[in-house]
Amino acid sequence: MAAFSATSVTFASSLKLSLRNNVITERTSNLKMVTVGWRKNSFPSLKTNRFRVSCAAKPETVQKVCDIVRKQLSLPAETQLTSESKFVDLGADSLDTVEIVMTLEEEFEITVEEDSSQNITTVQEAADLIEKLVEKKAA
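Not measured: the values here are computed from a predicted model.

Some words on the packing of helix H1 (residues 59-72) against helix H4 (residues 123-138)
Reasoning step 1: Contact geometry of H1 with H4 gives a least axis separation of 9 Å together with a crossing angle of 120°. In terms of orientation, H1 and H4 fall into the oblique class. As H1 packs across H4, the resulting crossing turns out to be right-handed. Across the interface between the two elements, Thr61, Val62, Val65 and Cys66 of H1 pack against Val123, Gln124, Ala126, Ala127, Ile130 and Glu131 of H4.
Reasoning step 2: Partitioned by chemical class, the residues of the contact of H1 with H4 number seven nonpolar, two polar and one charged.

Here you go:
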(Lines give C-alpha, C1' and ligand atoms only; values in the text may rest on other atoms or scores of the structure.)
Protein backbone atom coordinates (compact mmCIF):
# COMPACT_ATOMS: atom_id res chain seq x y z
CA MET A 1 0.00 0.00 0.00
CA ALA A 2 1.39 3.42 -1.02
CA ALA A 3 0.61 6.67 0.78
CA PHE A 4 1.33 10.30 -0.03
CA SER A 5 1.14 13.17 2.43
CA ALA A 6 2.14 16.84 2.17
CA THR A 7 1.39 20.07 3.95
CA SER A 8 2.60 22.80 1.61
CA VAL A 9 5.08 23.58 -1.12
CA THR A 10 6.53 27.08 -1.26
CA PHE A 11 7.14 28.64 -4.69
CA ALA A 12 7.97 32.18 -3.57
CA SER A 13 7.60 34.29 -0.47
CA SER A 14 4.10 35.41 -1.43
CA LEU A 15 2.96 32.36 -3.37
CA LYS A 16 2.20 29.02 -1.76
CA LEU A 17 0.57 25.94 -3.12
CA SER A 18 -1.40 24.30 -0.39
CA LEU A 19 -2.15 20.60 -0.29
CA ARG A 20 -4.07 21.07 2.99
CA ASN A 21 -2.63 18.03 4.75
CA ASN A 22 -4.37 15.70 2.34
CA VAL A 23 -3.41 12.09 2.65
CA ILE A 24 -3.95 9.92 -0.37
CA THR A 25 -3.84 6.19 0.07
CA GLU A 26 -4.28 3.64 -2.67
CA ARG A 27 -3.86 -0.13 -2.71
CA THR A 28 -1.50 0.12 -5.68
CA SER A 29 1.51 2.37 -6.11
CA ASN A 30 -0.29 4.67 -8.57
CA LEU A 31 -1.24 8.10 -7.24
CA LYS A 32 -4.79 8.66 -8.45
CA MET A 33 -6.00 11.91 -6.88
CA VAL A 34 -4.39 15.10 -5.59
CA THR A 35 -6.33 18.12 -4.38
CA VAL A 36 -4.58 21.43 -4.99
CA GLY A 37 -5.68 24.91 -4.03
CA TRP A 38 -4.17 28.40 -3.89
CA ARG A 39 -4.17 30.13 -0.53
CA LYS A 40 -5.37 33.28 -2.26
CA ASN A 41 -8.74 33.40 -4.03
CA SER A 42 -7.15 34.26 -7.36
CA PHE A 43 -3.99 33.51 -9.24
CA PRO A 44 -1.14 35.60 -7.84
CA SER A 45 0.03 38.72 -9.59
CA LEU A 46 3.12 38.47 -11.74
CA LYS A 47 4.07 42.06 -11.01
CA THR A 48 7.63 42.32 -9.81
CA ASN A 49 10.55 44.61 -10.38
CA ARG A 50 12.44 41.73 -12.04
CA PHE A 51 9.66 40.65 -14.45
CA ARG A 52 10.46 41.75 -17.99
CA VAL A 53 8.75 41.13 -21.29
CA SER A 54 11.12 40.58 -24.17
CA CYS A 55 10.03 40.94 -27.75
CA ALA A 56 11.48 39.32 -30.82
CA ALA A 57 14.46 40.87 -32.56
CA LYS A 58 14.00 43.75 -34.98
CA PRO A 59 13.23 42.71 -38.57
CA GLU A 60 16.44 44.36 -39.80
CA THR A 61 18.49 42.24 -37.36
CA VAL A 62 16.75 39.08 -38.56
CA GLN A 63 17.43 40.08 -42.18
CA LYS A 64 21.09 40.75 -41.46
CA VAL A 65 21.41 37.33 -39.79
CA CYS A 66 19.71 35.74 -42.84
CA ASP A 67 22.21 37.47 -45.14
CA ILE A 68 25.17 36.26 -43.06
CA VAL A 69 23.82 32.69 -42.91
CA ARG A 70 23.21 32.69 -46.68
CA LYS A 71 26.77 33.87 -47.32
CA GLN A 72 28.43 31.51 -44.79
CA LEU A 73 26.59 28.46 -46.11
CA SER A 74 26.89 29.54 -49.77
CA LEU A 75 23.14 29.22 -50.23
CA PRO A 76 21.62 30.10 -53.61
CA ALA A 77 19.48 33.24 -53.80
CA GLU A 78 16.31 31.18 -54.30
CA THR A 79 16.75 29.40 -50.95
CA GLN A 80 13.99 30.63 -48.64
CA LEU A 81 15.32 31.92 -45.30
CA THR A 82 12.97 32.92 -42.52
CA SER A 83 13.35 33.58 -38.81
CA GLU A 84 12.32 29.95 -38.17
CA SER A 85 14.98 28.53 -40.51
CA LYS A 86 17.13 25.97 -38.70
CA PHE A 87 20.83 25.92 -39.48
CA VAL A 88 20.83 22.09 -39.62
CA ASP A 89 17.99 22.11 -42.17
CA LEU A 90 20.08 24.47 -44.30
CA GLY A 91 22.95 21.97 -44.31
CA ALA A 92 25.08 23.50 -41.54
CA ASP A 93 27.22 21.29 -39.35
CA SER A 94 28.75 22.29 -36.01
CA LEU A 95 31.76 23.95 -37.67
CA ASP A 96 29.46 25.97 -39.94
CA THR A 97 27.49 27.11 -36.89
CA VAL A 98 30.71 28.22 -35.16
CA GLU A 99 31.70 30.18 -38.27
CA ILE A 100 28.26 31.80 -38.43
CA VAL A 101 28.54 32.86 -34.78
CA MET A 102 32.05 34.26 -35.37
CA THR A 103 30.81 36.28 -38.34
CA LEU A 104 27.87 37.58 -36.30
CA GLU A 105 30.29 38.62 -33.54
CA GLU A 106 32.39 40.58 -36.04
CA GLU A 107 29.42 42.14 -37.83
CA PHE A 108 27.61 43.28 -34.67
CA GLU A 109 30.77 43.91 -32.60
CA ILE A 110 29.64 41.59 -29.79
CA THR A 111 31.05 38.62 -27.92
CA VAL A 112 28.95 35.48 -27.70
CA GLU A 113 29.75 33.17 -24.79
CA GLU A 114 30.38 29.55 -25.72
CA ASP A 115 27.37 28.35 -23.68
CA SER A 116 25.09 30.75 -25.56
CA SER A 117 26.50 29.89 -28.97
CA GLN A 118 25.69 26.20 -28.46
CA ASN A 119 22.00 27.09 -27.98
CA ILE A 120 21.68 28.91 -31.31
CA THR A 121 19.89 26.66 -33.78
CA THR A 122 17.69 29.08 -35.75
CA VAL A 123 17.94 32.51 -37.35
CA GLN A 124 15.49 33.87 -34.75
CA GLU A 125 17.53 32.55 -31.81
CA ALA A 126 20.65 34.18 -33.26
CA ALA A 127 18.86 37.49 -33.85
CA ASP A 128 17.33 37.49 -30.35
CA LEU A 129 20.72 36.81 -28.77
CA ILE A 130 22.31 39.59 -30.84
CA GLU A 131 19.64 42.07 -29.74
CA LYS A 132 20.17 41.07 -26.12
CA LEU A 133 23.97 41.42 -26.32
CA VAL A 134 23.83 44.72 -28.21
CA GLU A 135 21.39 46.10 -25.62
CA LYS A 136 23.61 44.86 -22.79
CA LYS A 137 26.69 46.41 -24.43
CA ALA A 138 24.91 49.78 -24.78
CA ALA A 139 23.85 49.84 -21.13
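Picking up after the structure, the text goes on.
Overview of the layout of surface pockets
Reasoning step 1: Of the voids in this model, the largest pocket is the one considered here, and its volume is about 260 Å³.
Reasoning step 2: Surrounding the largest pocket, 16 residues form its lining, Ser94, Thr97, Val98, Ser117 and Gln118 being those nearest its centre.
Reasoning step 3: Elements supplying a minimum of two residues to the lining of the largest pocket: helix H2 (94-108) and helix H3 (114-117).
Reasoning step 4: It is H2 that contributes the most residues to the lining of the largest pocket, six residues altogether.
Reasoning step 5: When its residues are assigned to classes, the lining of the largest pocket shows eight nonpolar, five polar and three charged.

Some points on a nonpolar patch on the surface
Reasoning step 1: On the surface, Leu95, Val98 and Met102 cluster together into a nonpolar patch covering about 280 Å² of accessible area.
Reasoning step 2: Within the element layout of this structure, Leu95 appears in helix H2.
Reasoning step 3: With a relative accessible area of 53%, Leu95 lands in the exposed category.

Here's the deal with the environment of Asp96
Reasoning step 1: Note on placement: Asp96 falls in helix H2.
Reasoning step 2: With 23 residues separating them in the primary sequence, Asp96 and Leu73 have C-alpha atoms 7.2 Å apart.
Reasoning step 3: When neighbours within four sequence positions are excluded, Asp96 is seen to be in contact with Leu73 and Gly91.

Focus on the nonpolar core
Reasoning step 1: Counting residues in hydrophobic clusters, the biggest one holds 25 residues, and the most contacted among them are Val65, Val69, Leu73, Phe87 and Leu104.
Reasoning step 2: Elements represented by at least two residues in this core include exactly H1, H2 and H4.
Reasoning step 3: Sorting elements by how many residues they give to this core places H4 first, with six residues.
Reasoning step 4: Beyond its immediate sequence surroundings of up to four residues, Val65 is in contact with Leu104, Val123, Ala126, Ala127 and Ile130.

Parameters at a glance
- Residues numbered from 1 in each chain as written.
- Predicted model: local features only at pLDDT ≥ 70, side-chain atom pairs only at ≥ 80, totals over all residues.
- Heavy atoms only, no water.
- Axes fitted to C-alpha atoms, helices over the stretch in contact; angles between N-to-C directions.
- Helix = DSSP H or I, 4+ residues; strand = E, 2+ residues; numbered from the N terminus.
- Parallel < 35°, antiparallel > 145°, perpendicular 65-115°, else oblique.
- Left-handed = near helix turned anticlockwise from the far one by under 90°.
- Contact = heavy atoms within 4.5 Å.
- Nonpolar A, V, L, I, M, F, W, Y, C, P; charged D, E, K, R; others polar.
- 1 Å grid on protein atoms, 1.4 Å probe; cavity = no way out; pocket = protein on both sides within 12 Å on 5 of 7 lines; lining within 4 Å.
- Points joined across faces, edges and corners; volume = space filled by probe spheres on them.
- Patch = residues over 30% accessible without salt bridge, like charges linked within 9 Å, V, L, I, M, F, W, Y side chains within 5 Å.
- Areas by Shrake-Rupley, 256 points an atom, 1.4 Å probe, with all protein chains shown as cover.
- Salt bridge = Lys/Arg side-chain N within 4 Å of Asp/Glu carboxyl O.
- Buried < 20%, exposed > 50% of the residue type's maximum accessible area, 1.4 Å probe, protein only.
- Core = buried A, V, L, I, M, F, W, Y, C linked by side-chain atoms within 4.5 Å.

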